[in-house]
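Each chain is listed here by its residues.
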Amino acid sequence: MTRIIPSRYELLAPAGQPDCVRAALNNGADSIYLGMKALNARRNAKNFDYSQLKETVEYCHLNGAKVYLTLNPIAFDEERKQVIETLQQACELGLDAVIVQDIGVASLVKQVAPELRLHGSTQMSIHTRKGAEFLKEQGFSRVVLSREMSLEEIRNVAKAGIELEAFVHGALCMCVSGQCYMSGMLGGRSANRGMC
């Protein structure tokens, strides 16, 4: 297969269920992001249990692809133990990074899984150079930019010296990235809890 994307770029694809992993890699993805059955912002996807995640990580790594775990809803205090268990599993399995929205979850990552790379979720609404610099100072290695940004705005944020990730398909949502209250207001299903 001939690559048309320069090597400094990474083609990242979502995998809402195990079947999507092979499709992503067969179509040129360098990495995938996915969530487990709980604690992710796509609760309506089939997602992965521990054994499926283990198989997926092994398959991706054998094929030279990275796996990023979405641990990106706002977490409640009573979910702390579950967050820690999920982080421990991520370390056991050798995941390449964890994508978070909640600064409290990021703090837990640094405490219990400091070897895991931190990516700031698009739900954090990072759309300025200062925002990206803040995440870099907090130990994040990558920021997933707000979906509404122009190329000129992205170029400016790139000066922060942190890896940038941008959605190329555009937002499939009526809300601004990270400001996911519309679904909660209209239907009682909070997007910040993965229910939109």
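Given the structure is predicted, the values throughout are model-derived calculations rather than measurements.

What follows deals with unusual backbone geometry. Backbone geometry places Asn 47, a non-glycine residue, at a positive phi of 65°. With a phi close to 60°, Ser 125 is a non-glycine residue in the positive phi region. In this fold, Ser 125 is placed in the loop between β5 (117-120) and α5 (129-137). Under the relative-accessibility criterion, Ser 125 is labelled buried at 14%.

Taking burial as the measure, the five residues of strand β3 (residues 66-70) include four buried ones, the bulk of the element. Taken together, the four bridges between strand β2 (residues 31-34) and β3 define a ladder with parallel strand orientation. Looking at β3, one finds that Tyr 33 is bridged to Tyr 68. Pairing geometry for β3 and strand β4 (residues 97-100), over three bridges, is parallel. Paired with Tyr 68 across the strands is Ala 97, a residue of β4. For the handedness criterion, the β-α-β arrangement of β3, helix α3 (residues 80-93) and β4 is classed as right-handed.

Let us look at the packing of aromatic side chains. Both the distance between ring centres and the angle between the ring planes are used here to describe each pair of aromatic rings. Tallying each qualifying case throughout the model produces zero aromatic pairs. A cation sits over an aromatic face here: Arg 22 above Tyr 59, 4.2 Å from the ring centre. We note Arg 147 situated over the ring of Phe 167; from NZ or CZ to the ring centre the distance is 3.8 Å.

We now examine the pairing of β2. Of the two faces of β2, both are covered, the one formed by Ser 31 and Tyr 33 as well as the one formed by Ile 32 and Leu 34. Here strand β1 (residues 12-14) pairs with β2 via three bridges, running parallel. Its bridge partner lying in β2, Ala 13 is registered against Ile 32. Handedness of the β1-helix α1 (residues 18-26)-β2 crossover: right-handed.

The topology assignment puts Val 67 in strand β3. Exposure remark for Val 67: the relative accessible area of 0% places this residue in the buried category. With residues near it in sequence (within four places) discarded, Val 67 still touches Ile 32, Leu 34, Thr 56, Val 57, Cys 60, His 61, Leu 95, Asp 96 and Ala 97.

Turning our attention to the nonpolar core. In this structure, Ile 32 and Leu 87 are the most contacted members of the largest nonpolar core, which totals 45 residues. Here the element with the most residues in this core is α3; it accounts for five residues. When residues no more than four places from it in sequence are discounted, the contact partners of Leu 87 are Leu 71, Val 98, Leu 108, Val 109, Val 112, Ala 113 and Leu 116. Formed by seven residues, the second largest nonpolar core is a distinct cluster that contains Leu 12, Tyr 68, Ile 99 and Phe 167.

Criteria and thresholds
- Residues numbered from 1 in each chain as written.
- Predicted model: local features only at pLDDT ≥ 70, side-chain atom pairs only at ≥ 80, totals over all residues.
- Heavy atoms only, no water.
- Helix = DSSP H or I, 4+ residues; strand = E, 2+ residues; numbered from the N terminus.
- Buried < 20%, exposed > 50% of the residue type's maximum accessible area, 1.4 Å probe, protein only.
- Pairing = 2+ DSSP bridges.
- Right-handed = clockwise from strand over helix to strand, strands pointing away.
- Phe/Tyr/Trp six-rings, centres within 6.5 Å; stacked < 30°, edge-to-face > 60°.
- Lys NZ or Arg CZ within 6 Å of the ring centre and 35° of its normal.
- Contact = heavy atoms within 4.5 Å.
- Core = buried A, V, L, I, M, F, W, Y, C linked by side-chain atoms within 4.5 Å.

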